[in-house]
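These are the residues of each chain, in order.
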Number of protein chains: 2
Amino acid sequence: MLNLYRRTVLGIAGLPGVEGVARRYGWRFGVGRFVAGETVAAARPALRALVDEGRATIVDVLGEYVRDEAAARAMAASVATTIATLADAGLPAVVSVKPTQLGLGIDPALALELASDLARAAEARGGRLCLDMEDHRFVDATLDLLAGVRAAGAPRASTVLQAYLHRTPDDLVALLAASPPGAEVRIVKGAYHEPAEVALTAMSEVRRAFLSACETAWRGGAKVNVATHDEGLIAEATAFARGAGLGQERYELQLLYGVKPALQRRLAAAGHPVRIYVPLGVDWYGYFSRRLAERPANVAVVLRGLFR
Amino acid sequence: MLNLYRRTVLGIAGLPGVEGVARRYGWRFGVGRFVAGETVAAARPALRALVDEGRATIVDVLGEYVRDEAAARAMAASVATTIATLADAGLPAVVSVKPTQLGLGIDPALALELASDLARAAEARGGRLCLDMEDHRFVDATLDLLAGVRAAGAPRASTVLQAYLHRTPDDLVALLAASPPGAEVRIVKGAYHEPAEVALTAMSEVRRAFLSACETAWRGGAKVNVATHDEGLIAEATAFARGAGLGQERYELQLLYGVKPALQRRLAAAGHPVRIYVPLGVDWYGYFSRRLAERPANVAVVLRGLFR
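What you see is a predicted model; the values in this text were computed from it and never measured.

## Points about the overall build of chain A
Right, on to step 1. Looking only at helices and strands, chain A has 12 helices and 8 strands in total.
Right, on to step 2. Taken over the C-alpha trace, chain A has a radius of gyration of 19 Å; the compact-globule value for 308 residues is 19 Å, and the two agree within 12%.
Right, on to step 3. If one aligns the C-alpha atoms of chain A with their principal axes, the spans along those axes are about 50 × 45 × 40 Å.
Right, on to step 4. When burial is assessed residue by residue, chain A has 42% of its 308 residues classed as buried.
Right, on to step 5. Contacts in chain A between residues at least 24 apart in sequence constitute 73% of all its contacts with a sequence separation of at least 6.

Rendered as structure tokens:
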């Protein structure tokens with residue numbers, strides 16, 4: 001049922017004309033619930049409010065796969081501006097990028113150059129760069145990119161492993177072996193439509209794999225970014241961390257801007273380190289469609305926006 | 001809603017004539033789903049099957065509050081026979097009794113004499129005695145009884161703390177301080193109808209208190225009997241135990257005979273130490289009514305029995 005719903009929403013989102021209408025009336029549609037602004041300046045009040053309430057932030061400048069070098073350089077310039085603007089405003093200079101936004105799909109050397117510059121800039125301002133993980137075809141290239149970025153003078157750069165991929169336990173062992181103690185690694189369930197040859201399909205198995213990956217990462221000395229809205233998994237992961245006596249330097253809970261805000265506040269109030277993944281930028285259409293597709297409750301936000 | 005359902009079922013169970021009919025047709029009504037037999041001999045195949053499948057057992061000889069010494073002595077004799085029969089059959093001589101079955105409500109010295117005899121007999125056969133906890137009026141007397149039984153030569157005797165009682169965190173600290181390392185303590189949510197002055201009423205608070213009690217007991221060196229069918233709590237408690245590196249000598253999961261048998265098997269198959277609380281005896285009517293009252297799904301068992 002959820003799959004049918006998801007396909008329907010993504011199908012509608014892909015119809016000709018729909019994006020144009022959405023872009024025109026976007027903020028009235030409720031986009032602002034999930035995207036903090038089209039520019040870092042516009043997003044600043046939302047970021048400030050989160051930080052003031054005790055939630056850290058990681059900013060994602062939205063964008064898609066780029067097809068040429070000029071687009072990759074333009075995206076990198078936009079992320080560089082974001083890092084500088086955040087740091088100048090006293091906000092965390094912690095940012096996430098999709099490697100294909102920096103040209104990984106067209107020229108790995110270009111992506112390495114751009115990602116290394118951004119990661120060093122972020123670390124120079126007390127922050128860091130996270131390389132988001134895309135579908136399974138980019139896992140090897142992204143892990144190689146991370147190694148290159150770290151070697152290029154940005155040791156705090158990190159990436160993401162997706163629990164549903166069959167290869168993840170092996171990737172995790174290799175990543176831990178190559179990482180300095182306390183290095184960050186984000187664990188997510190994984191949300192692409194992957195074939196059964198590469199990914200687990202049963203949610204109960206994905207949940208077990210998620211928890212197992214967190215525990216392996218902790219045992220391997222990492223700082224785990226526990227990135228899920230699954231309250232059961234958050235409870236189990238934090239129980240393990242308590243049992244192991246792990247302090248705030250060894251884990252943080254990551255949730256998406258606008259998703260389960262009451263849960264976000266409750267976790268922060270309970271003393272957990274919480275970091276909110278905050279998307280911003282003009283390229284919000286794909287991200288916003290996926291938020292509507294993943295959870296029918298999110299459509300209520302849009303309907304409330306339309307009839308207000 | 002569940003409260004209304006519970007009161008209705010318990011109300012019907014208390015109507016004149018209902019118990020007589022139930023006792024006459026009991027096993028056809030599905031009593032055998034929750035009570036292993038009217039005698040230890042009758043219960044033996046069920047006990048053997050559990051042990052053969054890798055689940056340990058703790059036997060409860062059903063009975064209610066006794067009003068005179070003769071009834072208390074008769075109950076103690078029945079428990080003593082059960083201990084001997086279990087041990088002779090090579091089954092765990094681990095038993096639970098309600099202290100008021102042994103006269104705690106009429107004469108604490110009598111209860112101490114009888115409970116000490118039983119606890120020593122169980123330990124002599126490699127087992128142990130657990131003093132079940134009843135409503136809040138008996139908590140002090142039960143904790144005193146436990147101290148007396150242990151001092152009378154049965155150091156492995158244990159009891160139960162109910163997470164929903166406001167006094168439990170203090171009781172737990174005192175109990176841990178008075179217990180030898182590795183001593184067992186069973187943690188349950190609590191199931192009596194207690195007033196708000198003595199007990200938490202919100203299930204979310206009871207769940208938090210349950211987990212907190214387990215963690216305090218572990219930190220205090222105890223072996224925790226995690227006694228709940230709440231899969232979320234089981235997952236969190238076992239995650240804490242994994243994080244703390246606690247082995248099988250430091251915890252066991254306890255569940256009731258006939259309740260969530262698939263979960264019981266799954267937990268044992270996952271390598272957790274599991275012990276099933278197995279009631280037996282002729283006094284099954286009150287216990288059986290409470291099982292029906294706590295979960296509508298259990299009534300389906302009775303209906304299937306009637307129409308088969």
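Moving on, there is more to tell.
## Let's talk about the relation of the copies chain A and chain B
Right, on to step 1. When chain A is fitted to chain B, the best match, at an RMSD of 0.0 Å, comes from turning it 180 degrees and sliding it 0.0 Å along the axis. What we have between these two chains is a two-fold relation.
Right, on to step 2. Residue by residue, 100% of the interface of chain A is reproduced at the interface of chain B, so both copies engage with the same surface.

## Observations regarding the interface of chain A and chain B
Right, on to step 1. With 10 residues of chain A at the interface, the matching set in chain B holds 10 residues.
Right, on to step 2. Among the residues forming the side of chain A that touches chain B, the class breakdown is 5 nonpolar, 2 polar and 3 charged.

## Points about the sheet that holds strand 2 (residues 94-97) of chain B
All names here are of chain B.
Right, on to step 1. The strand order around the closed barrel built from 8 strands is 1-2-3-4-5-6-7-8, with neighbouring strands paired in parallel fashion. Adjacent strand axes in the sheet meet at a mean angle of 30 degrees, parallel and antiparallel pairs treated alike.
Right, on to step 2. Direction of pairing for strand 3 (residues 128-131) relative to strand 4 (residues 158-162): parallel, over a ladder of 2 bridges. Its bridge partner lying in strand 4, Leu131 is registered against Thr159.
Right, on to step 3. Packed onto the sheet, helix 4 (residues 69-88) meets strand 1 (56-61) and strand 2 and runs at close to 155 degrees relative to strand 1.

## What to know about the packing of helix 7 (residues 168-178) of chain B against helix 8 (residues 203-219) of chain B
A packed helix pair is summarised by two numbers, namely the angle formed by the two axes and the spacing between the axes.
Residues and elements named next belong to chain B.
Right, on to step 1. Contact pair helix 7 / helix 8: the axes reach a minimum separation of 10 Å and the direction vectors enclose 15 degrees. Relative to helix 8, the element helix 7 is oriented roughly parallel. Along this stretch, helix 7 crosses helix 8, giving a crossing that reads as right-handed. Counted together, Thr168, Leu172 and Leu176 of helix 7 and Ala209, Ala213, Thr216 and Ala217 of helix 8 form the full contact between these two elements.
Right, on to step 2. When its residues are assigned to classes, the contact of helix 7 with helix 8 shows 5 nonpolar, 2 polar and no charged.

## Considering the pairing of strand 3 of chain B
All names here are of chain B.
Right, on to step 1. Across the two faces of strand 3 the burial is the same, with Arg128 and Cys130 and Leu129 and Leu131 all buried.
Right, on to step 2. Across 4 bridges, the pairing between strand 2 and strand 3 is parallel. Counterpart to Val97 in the pairing with strand 3 is Leu131.
Right, on to step 3. For the handedness criterion, the β-α-β arrangement of strand 2, helix 5 (residues 108-124) and strand 3 is classed as right-handed.
Right, on to step 4. A crossover connection joins strand 3 to the parallel strand 4 through helix 6 (residues 139-151); in handedness this β-α-β unit is right-handed.

## Things to note about unusual backbone geometry
Right, on to step 1. One non-glycine residue, Lys260(A), lies in the positive phi region at around 50 degrees.
Right, on to step 2. Among the structural elements, Lys260(A) can be located in the loop between strand 7 (251-256) and helix 10 (261-269).

## Quick word on helix 3 (residues 40-52) of chain B
It helps to recall that an α-helix has 3.6 residues per turn; residues three or four apart then point in one direction.
Residue and element names in this part refer to chain B.
Right, on to step 1. Helix length check: helix 3 (13 residues) gives 17 Å between terminal C-alpha atoms against 18 Å at 1.5 Å per residue, within 8%.
Right, on to step 2. Among the residues of helix 3, Val40, Ala43, Leu47 and Leu50 are the ones counted as buried.
Right, on to step 3. Tucked into the core, helix 3 has its buried residues touching strand 1, helix 4 and strand 8 (274-280).
Right, on to step 4. Positive phi shows up at Gly54, right after helix 3, with a value of about 95 degrees.

## Description of the domain arrangement of chain A
A common way to state how big an interface is: give the accessible area lost once the parts meet.
Right, on to step 1. Entries for chain A in the domain assignment read domain 1 (1-32 + 284-298) and domain 2 (36-280).
Right, on to step 2. When each unit is reduced to the centre of its C-alpha atoms, the spacing between domain 1 of chain A and domain 2 of chain A is 24 Å.

## Describing the environment of Ala74(B)
Right, on to step 1. Take Ala74(B): it is sitting in helix 4.
Right, on to step 2. When the C-alpha atoms of Ala74(B) and Gln101(B) are compared, they prove to be 9.6 Å apart, with 27 residues separating the residues in sequence.

## Digging into the packing of helix 5 of chain B against helix 6 of chain B
Residues and elements named next belong to chain B.
Right, on to step 1. Direction vectors running N to C along helix 5 and helix 6 enclose 50 degrees, while the axes themselves pass 9 Å from each other. Relative to helix 6, the element helix 5 is oriented oblique. As for the relative orientation of helix 5 and helix 6, their crossing is right-handed in sense. For the pair formed by helix 5 and helix 6, the contact residues are Pro108, Ala111, Leu112, Ala115, Ser116 and Ala119 on the first element and Ala141, Leu145, Gly148 and Val149 on the second.
Right, on to step 2. Among the residues forming the contact of helix 5 with helix 6, the class breakdown is 8 nonpolar, 2 polar and no charged.

## Thoughts on the nonpolar core
Right, on to step 1. Residues Ala115(A), Leu129(A), Ile187(A), Ala115(B), Leu129(B) and Ile187(B) are the most contacted members of the largest nonpolar core, which totals 170 residues.
Right, on to step 2. Not counting chain neighbours up to four residues away, the residues in contact with Ile187(B) comprise Leu161(B), Ala163(B), Phe210(B), Ala213(B), Cys214(B), Ala217(B), Val224(B), Asn225(B), Val226(B) and Ala227(B).

## Quick notes on the pairing of strand 6 (residues 223-227) of chain A
Residues and elements named next belong to chain A.
Right, on to step 1. The element strand 6 is largely enclosed, with a buried count of 5 among its 5 residues.
Right, on to step 2. With burial as the criterion, each face of strand 6 is covered, one bearing Lys223, Asn225 and Ala227 and the other bearing Val224 and Val226.
Right, on to step 3. Sheet topology note: the strand 5 (residues 184-188)/strand 6 ladder contains 4 bridges and is parallel. When the sheet's bridge partners are listed, Ile187 is paired in strand 6 with Val226.

Scoring rules and cut-offs
- Residues numbered from 1 in each chain as written.
- Chains lettered and ligands numbered in written order.
- Predicted model: local features only at pLDDT ≥ 70, side-chain atom pairs only at ≥ 80, totals over all residues.
- Helix = DSSP H or I, 4+ residues; strand = E, 2+ residues; numbered from the N terminus.
- Rg over C-alpha atoms; globule rule 2.2 N^0.38 Å.
- Buried ≥ 20, exposed ≤ 12 C-beta atoms within 10 Å, placed from the backbone.
- Contact = placed C-beta atoms within 7 Å.
- Least-squares fit on C-alpha atoms with pLDDT ≥ 70 in both.
- Nonpolar A, V, L, I, M, F, W, Y, C, P; charged D, E, K, R; others polar.
- Pairing = 2+ DSSP bridges.
- Axes fitted to C-alpha atoms, helices over the stretch in contact; angles between N-to-C directions.
- Parallel < 35°, antiparallel > 145°, perpendicular 65-115°, else oblique.
- Left-handed = near helix turned anticlockwise from the far one by under 90°.
- Right-handed = clockwise from strand over helix to strand, strands pointing away.
- Expected span 1.5 Å × (residues − 1).
- Domains from an automatic or database assignment.
- Core = buried A, V, L, I, M, F, W, Y, C linked by C-beta atoms within 7 Å.

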